[in-house]
Amino acid sequence: MPTDSFETPYTSFSRSRYPDTTSVSEFVSGTVTCTTGGFTFANGDLFSGVRLKGHEQNSHPIGIGTAARVGTAVTGDLYPIKAEEEIFIDIDKLDKVFITGFTAGLTMHFLGS
């Protein structure tokens, strides 16, 4: 990997520090209200994954799991996200993510690419 040089004369200030990076052409985002029965997100392909964040006014955690293993918040089969906590899941499809509220009416923000 190239390193920056601050010798005189300066070699380059216009080249990318990380030349092999990739970017996405589109992303999805939104806010959902969780139910105690839970649900998976709508089908959507992802390039890098999805970030989930609990709304700052949530009174209880939200459970995160997979569509293949739909547990309940009560049994402890899901990863809990408290208010203002967030998690990034490196996953290829949005519909593989299952969420459920420990109580009804909790809100989750998501941003996926």
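Cut-offs applied
- Residues numbered from 1 in each chain as written.
- Predicted model: local features only at pLDDT ≥ 70, side-chain atom pairs only at ≥ 80, totals over all residues.
- Heavy atoms only, no water.
- Buried < 20%, exposed > 50% of the residue type's maximum accessible area, 1.4 Å probe, protein only.
- Helix = DSSP H or I, 4+ residues; strand = E, 2+ residues; numbered from the N terminus.
- Pairing = 2+ DSSP bridges.
- Axes fitted to C-alpha atoms, helices over the stretch in contact; angles between N-to-C directions.
- Core = buried A, V, L, I, M, F, W, Y, C linked by side-chain atoms within 4.5 Å.
- Contact = heavy atoms within 4.5 Å.

Remarks on the pairing of strand 4 (residues 62-66)
The side chains of a regular strand alternate, residue by residue, between the two faces of the sheet.
1) Next: Burial analysis of strand 4 places four of its five residues in the buried class, the great majority of the element.
2) Next: Judged from the three bridges that link them, strand 4 and strand 5 (residues 79-81) form a sheet pairing that is antiparallel. Counted as the bridge partner of glycine 63 is proline 80 from strand 5.
3) Next: Sheet analysis places strand 4 next to strand 7 (residues 97-101), joined by five bridges and oriented antiparallel. Counted as the bridge partner of isoleucine 62 is glycine 101 from strand 7.

Thoughts on the sheet that holds strand 3 (residues 50-54)
1) Next: Read from one edge of the open sheet, four strands run 1-8-3-6, paired in antiparallel fashion. Only two strands of the sheet have a single neighbouring strand rather than two, namely strand 1 (28-33) and strand 6 (86-89). Direction aside, the axes of adjacent strands within the sheet are offset by 15° on average.
2) Next: Examined bridge by bridge, strand 1 and strand 8 (residues 107-112) share six bridges and lie antiparallel to one another. When the bridges of strand 8 are listed, glycine 30 appears paired with phenylalanine 110.

A look at the nonpolar core
1) Next: Judged by nonpolar contacts, the single largest core of 17 residues is most densely connected at Phe41, Val50, Leu52, Ile64, Val97, Ile99 and Met108.
2) Next: Of all the elements in the fold, those that place two or more residues in this core are strand 3, strand 4, strand 7 and strand 8.
3) Next: Sequence-distant contacts of isoleucine 99, defined by excluding residues within four places in its chain, comprise Val32, Cys34, Gly38, Phe39, Phe41, Ile62, Gly63, Ile64 and Met108.

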